[in-house]
Amino acid sequence: MRPAYLSRLSVHRAWRLLHWTLILTGSILLASCHKAPAAPRVSYADTPVAVADGKHYIFLIHPLYNPQLLAQKFEPLLLYLDAHLPGVIFDLQTANDYDDFENKLIAGAADFALPNPYHALLARDWHYHVIARMADDDVFRGIFIVRKDSPIRLPADLKGKVVAYPAPTALAATMLTQLYLQQHGINVQTDITNLYVGTHNSSIMNTYLSQSSISATWPAAWEAFEQSNPKEAAQMQVLWKTNSLIQNPIIVRNDIPQAVGERVAQLLTSLQDSDPGRQILHDINTRAFIRSQDKDFDVVRRFLQDYNTQVKKSR
């Protein structure tokens, strides 16, 4: 039986879901007409659909997955928040890539957001603050993916090779992995070619297609790839893992009413107390949300000092 809150899927939201489906379907059909199509760049509207009796808040999620999968995973969470905050509607928004995500935060386009810890640190200067974060910090780490037929065994084997990453500002998938390579004898600036391909999925696919020797990503993205692309994933494996850092946070823009931010934090940190909540947590690949604040992410500042000293020193 479906949870009661899912029956509250409003007409405007149904139209939005149809809108996403049409965009994604159109992109696929258009791509089939070209020999070498570019990857579709799908984004959600910046302006939420207005209704007479509801206050809309944009909830921006960093590009963890492709837009269709991201909507599938996170829409139930927003419906849950809608149902427990009368008169409030949360509109899901993602970004084409990490640069686009960062620009939206800088512009104040989001009311709430789930960024990576690096962007959480930067977002202090963009008038946001942390209210919660995903539990299990040990999960937040970088991993390296290779084809099972790859000759790569040691970091030294990467000299002269191409390494694929989602983006320069992907903390787990890029910064943690580059620091790992630097600490294992690879000069990241001169020994390898760094290829930034926009998303975690694209990073993994680059190695599957042998366009790079190895892919850098993080566990949640790899698990999603295994589920959605089992045939391709069966030909690949995790080779190395980095140390962990602090998990992805929930941030809120400073001008959002304190009572709204507090209620959202309460709802998020109590999801594990009900069956519908536990299902939502399972869908977004976390055990729970826990209370958090800006100072918890000072550990990222200390990591960046190491990263800038060791990885960028040779620039």
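The shown structure was predicted, so the numbers you read here are calculated from the model rather than taken from an experiment.

### Re unusual backbone geometry
Step number 1: For histidine 127, which is not glycine, the phi dihedral falls at a positive 75 degrees.
Step number 2: Relative to the elements of secondary structure, histidine 127 occurs in the loop between α4 (117–122) and β4 (128–134).
Step number 3: Phi at serine 210 takes a positive value of approximately 65 degrees, unusual for a residue other than glycine.
Step number 4: Looking at the secondary structure, you find serine 210 in the loop between α6 (200–208) and β8 (214–217).
Step number 5: Exposure remark for serine 210: the relative accessible area of 55% places this residue in the exposed category.

### Quick notes on the pattern of salt bridges
Step number 1: Considering all chains together, one arrives at 10 salt bridges under this definition.
Step number 2: The partner of lysine 104 in a salt bridge is aspartate 100, and the shortest N-O contact between them spans 3.8 Å. Here lysine 104 and its partner aspartate 100 are both found in helix α3 (residues 98–106), 4 residues apart, which amounts to about one turn of the helix.
Step number 3: Ionic pairing is found between aspartate 137 and arginine 133, a salt bridge with its closest N-O pair at 3.2 Å.
Step number 4: Take aspartate 137: its relative accessible area is 25%, and that puts it in the partly exposed class.

### Comments concerning the sheet that holds strand β9 (residues 236–244)
Step number 1: If you walk across this open sheet you meet the 5 strands as β7-β6-β8-β5-β9, and the pairing is mixed. The open sheet has two free edges, formed respectively by β7 (193–196) and β9, since each of these has just one partner strand. Neighbour-to-neighbour, the strand axes of the sheet open up by a mean angle of 25 degrees, direction not taken into account.
Step number 2: Bridge count between strand β6 (residues 162–165) and β8: 2 bridges; the pairing is parallel. Residue pairing for β8: alanine 164 is matched across the bridge by serine 215.
Step number 3: The strands touched by α6 are β5 (141–147), β6, β7, β8 and β9; relative to β8, the strand with the most contacts, the crossing angle is about 165 degrees.
Step number 4: Running over the sheet, helix α7 (residues 219–228) touches β5, β8 and β9 and is turned about 40 degrees from β5.

### Let's talk about the sheet that holds β4
Two orientations exist for strands paired in a sheet by backbone hydrogen bonds: parallel and antiparallel.
Step number 1: The strand order across the open sheet formed by 6 strands is β2-β1-β3-β10-β4-β11, and the pairing between neighbours is mixed. Because the sheet does not close on itself, it has two edges, and the strands there are β2 (88–93) and β11 (289–291). In this sheet, adjacent strand axes meet at a mean angle of 30 degrees when their direction is disregarded.
Step number 2: Both β4 and strand β10 (residues 249–253) contribute to a ladder of 5 bridges, which runs antiparallel. Each residue of the ladder has a partner; that of alanine 132, found in β10, is isoleucine 250.
Step number 3: Lying over the sheet, helix α2 (residues 67–84) contacts β1 (55–61), β2 and β3 (112–114), oriented at roughly 165 degrees with respect to β2.
Step number 4: Packing of helix α9 (residues 258–269) onto the sheet brings it into contact with β1, β2, β3, β4, β10 and β11, and relative to β11 it is tilted by some 130 degrees.

### Quick look at the packing of α6 against α7
Relative orientation and spacing of two packed helices are given, respectively, by the angle between their axes and the distance between those axes.
Step number 1: Contact geometry for α6 and α7: axes closest at 10 Å, N-to-C directions at 65 degrees. Relative to α7, the element α6 lies roughly perpendicular. The handedness of the crossing between α6 and α7 is right-handed. Residues His200, Asn201, Ile204 and Met205 of α6 lie in contact with α7, whose contacting residues are Ala221, Trp222 and Phe225.

The rules behind the values
- For every chain, the first residue of the written sequence is number 1, and numbering continues from 1 onward in sequence order.
- In view of the model being predicted, local features appear only for residues whose pLDDT reaches at least 70, and side-chain atom pairs are presented and counted only at 80 or more, with totals across whole chains, interfaces and linings using the full set of residues.
- Each side-chain value is worked out from all heavy atoms of the structure, with water and hydrogens disregarded.
- Each helix is a run of H or I in the DSSP string that is no shorter than four residues. Each strand is a run of E no shorter than two, and both are numbered from the N terminus.
- Residue burial is assigned from relative accessible area. The probe radius is 1.4 Å, only protein chains are included, and a residue is buried under 20% of its type maximum, exposed over 50%, and partly exposed in between.
- Any Lys or Arg side-chain nitrogen found within 4 Å of a carboxyl oxygen on Asp or Glu counts as a salt bridge.
- Any two strands are treated as partners once DSSP identifies two or more bridges connecting them.
- A fitted line through C-alpha atoms represents every axis, and for helices the fit uses only the stretch in contact; the resulting angles, taken between N-to-C directions, go from 0 to 180 degrees.
- Contacts between residues were defined by any pair of non-hydrogen atoms, one from each residue, lying within 4.5 Å.
- Angles below 35 degrees are treated as roughly parallel, those above 145 as roughly antiparallel, those between 65 and 115 as roughly perpendicular, and all remaining angles as oblique.
- The handedness criterion is simple: a crossing whose near helix is rotated anticlockwise from the far helix by less than a right angle is left-handed, and one whose near helix is rotated clockwise is right-handed.

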